[in-house]
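Working through the structure, step by step
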Amino acid sequence: MSTFTKKRLFIGCLLCVLVGYVAYLEVQHLHSEVTLRADATHASVPDVAVTQPKPAPPTLSMTLPGNINAWYEAPIYAQVSGYVKMWYKDYGAPVKKGDVLAEVNAPGLDAQYAQAKADLQVAQAKYGLATVTANRWRSMGKSQAVSGQSVSVQNANEQSARAALEAAQHNVDHYDALEQFKTIVAPFDGVVTARNISVGDYVGAGSGNMNANGTASELFTVADTHEMRLFVSVPEVLSYVLKPGLKARVTVPQYPNEVFTANFLTIAKGYDPNTRTAVTEFTIDNTDQKLWPGTFASVALSAPAEGGIYTIPTGALVFQEKGMQVVTVDTQNKAHYKNITVGRMSDAYTEVDAGLNPTDHIINNPPSDLLEGQTVHLSVPEKGYLIAASSNDGEEDDE
């Protein structure tokens, strides 16, 4: 084979390789374009995961904090000023109504009482003299020995003396009542939960003993603990369960393994505008005196739930200016926004009071740019995701 023939053959082979390579590049370009168009078309249809509303549990349960107070609790203040002579009941002492708690020395009051009794004696003497004088003038008036005007003056003097006597008697009664307050007594059967005085303390009328900072406190606090009052602030969305016959399960820190039963008593028919809660009162029998005033309580309430309520994942909610909404998917895989009315909300699940049907397919975590009527692609969660979701459902049910 000649050299010229070899060159032609080499050039032909080279041209064939070039043509093949160009053809390969063109095929690759066309394939990439088709793939890109397919990816763009697929990307224009968002993948979404859907869920269906679940009926709310038939029983509504909630646990709220509460405060336990005595059935009656009275802070006792002094009604006379003086110095504590002696106290007789200490912290925790059981008392009966009328038992002496303490005595107060009030020398100033004693002096005023003595003065009032002396004034009463003066008034009695003046009244006696005015009565005798008036009787004489009335006798002389009958014989026309004195003028009628003079008799009237003496009658008026007698009435004035009688009024002064009555005023003096009332003043003595006033101080006599104050003298009784020198003895501090229990207002009802109960237990002493506070004693804020010691022998020699100065106490002021209408207030307790004066502390070093100039403030006053009660002398004693007496509590009737045969039955306790439990106060709970209940959110307004749950207040419909509060009605006569409702019972609550109560636990306290000092008895973690014991459950107390509280009976519904009354509810404040008004909500606190700051917390949107209503104060609710329960009663707890305390015959064994286990519960003390001021105890923190954990209160578990259970009641039949209202029908027609469904639960959905909180992530399915859409917050818009039109109100609370969810996005549903129809049989043609078209997205539609739907207005709903929500009830209780938690991190994982939300109760829907109105606006949903049990057959609705709701998009969980809908894209923020999803439009009304837009086509979506339903994706199936991975198995591991489903297991995790089921575990979360179980945790929510336990709560």
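Each remark here, short or long, concerns the structure printed above.
Anyway, here's the lowdown on the structure attached to this text. Quick caveat: nothing in here was measured; it's all calculated off a predicted structure. (Residues numbered from 1 in each chain as written. Predicted model: local features only at pLDDT ≥ 70, side-chain atom pairs only at ≥ 80, totals over all residues. Heavy atoms only, no water.)

Side note on the packing of aromatic side chains
Pairs of aromatic rings are described using the distance from one ring centre to the other and the angle between the two planes. Where we set the bar: Aromatic pairing here means that ring centres of Phe, Tyr or Trp (its six-membered ring) are within 6.5 Å. Orientation follows from the plane angle: under 30 degrees is stacked, over 60 is edge-to-face, and everything else is tilted. By the criterion adopted, a ring carries a charge over it if an Arg CZ or a Lys NZ lies within 6 Å of its centre and within 35 degrees of its normal.
Applying the stated criterion across every chain, the model contains five aromatic pairs. Each residue in the set Trp71, Tyr72 and Phe188 is aromatic and connected to the rest through ring pairs, giving one cluster. Taking NZ or CZ as reference, Arg195 lies 4.0 Å from the ring centre of Trp87, over its face. Directly above the aromatic system of Tyr255 lies the positively charged group of Lys290, at a separation of 5.3 Å from the ring centroid.

Some points on the environment of Ala70
Counted only if it meets this: Each helix is a run of DSSP H or I of at least 4 residues and each strand a run of E of at least 2, with the numbering of both proceeding from the N terminus. In what follows, residue pairs with any heavy atoms lying within 4.5 Å of each other are defined as contacts.
Assignment of secondary structure puts Ala70 in strand 3 (residues 59-76). Sequence separation between Ala70 and Ala223 is 153 residues, and the spatial gap between their C-alpha atoms is 5.9 Å. If near-sequence neighbours (up to four positions away) are discounted, Ala70 is found in contact with Ala223, Asp224, Thr225, Glu227, Met228, Arg229 and Pro293.

A look at the environment of Val151
Looking at the element boundaries, Val151 is found in helix 3 (residues 148-180). For the pair formed by Val151 and Ser139, sequence separation is twelve residues and the distance between their alpha carbons is 9.2 Å.

Describing unusual backbone geometry
Counted only if it meets this: The buried label applies to any residue whose accessible area, calculated with a 1.4 Å probe on protein chains only, is under 20% of its type's maximum; exposed applies above 50%, and partly exposed to all values in between.
Here Arg276, not a glycine, exhibits a phi torsion of approximately 55°, which is positive. Of note, Arg276 is situated in the loop between strand 14 (255-267) and strand 15 (277-285). Given the relative accessible area of 46%, Arg276 is considered partly exposed. Residue Asn333 is not a glycine yet carries a positive backbone phi of 60°. Structurally, Asn333 is set in the loop between strand 19 (323-329) and strand 20 (335-339).

Overview of the sheet that holds strand 2 (residues 54-55)
This is how the line gets drawn: Two strands form a pair only when DSSP identifies at least two bridges running between them.
Spatially, the four strands line up as an open sheet ordered 2-17-22-21, and their pairing is antiparallel. The sheet terminates laterally at strand 2 and strand 21 (341-345), the two strands that pair on one side only. The pairing of strand 21 with strand 22 (residues 349-354) spans three bridges and is classified as antiparallel. Across the sheet, Thr341 pairs through a bridge with Ala354, a residue of strand 22.

Some details on the pattern of salt bridges
Cut-off, in case you're wondering: Should a side-chain nitrogen of Lys or Arg be within 4 Å of a carboxyl oxygen of Asp or Glu, the pair is scored as a salt bridge.
Inspection of the entire model under this criterion finds seven salt bridges. For Lys85, the salt bridge goes to Glu103, with nearest N and O atoms at 3.8 Å. Within this pair, whereas Lys85 is found in strand 4 (residues 82-87), its partner Glu103 is found in strand 6 (residues 100-105), the two being separated by 18 residues in sequence. The partly exposed category is assigned to Lys85, whose relative accessible area is 44%. Its relative accessible area of 23% is what places Glu103 among the partly exposed residues. Where Lys338 meets Asp360, a salt bridge forms, and the shortest distance between an N and an O atom there is 2.8 Å.

Read these as geometric descriptors, not functional statements.
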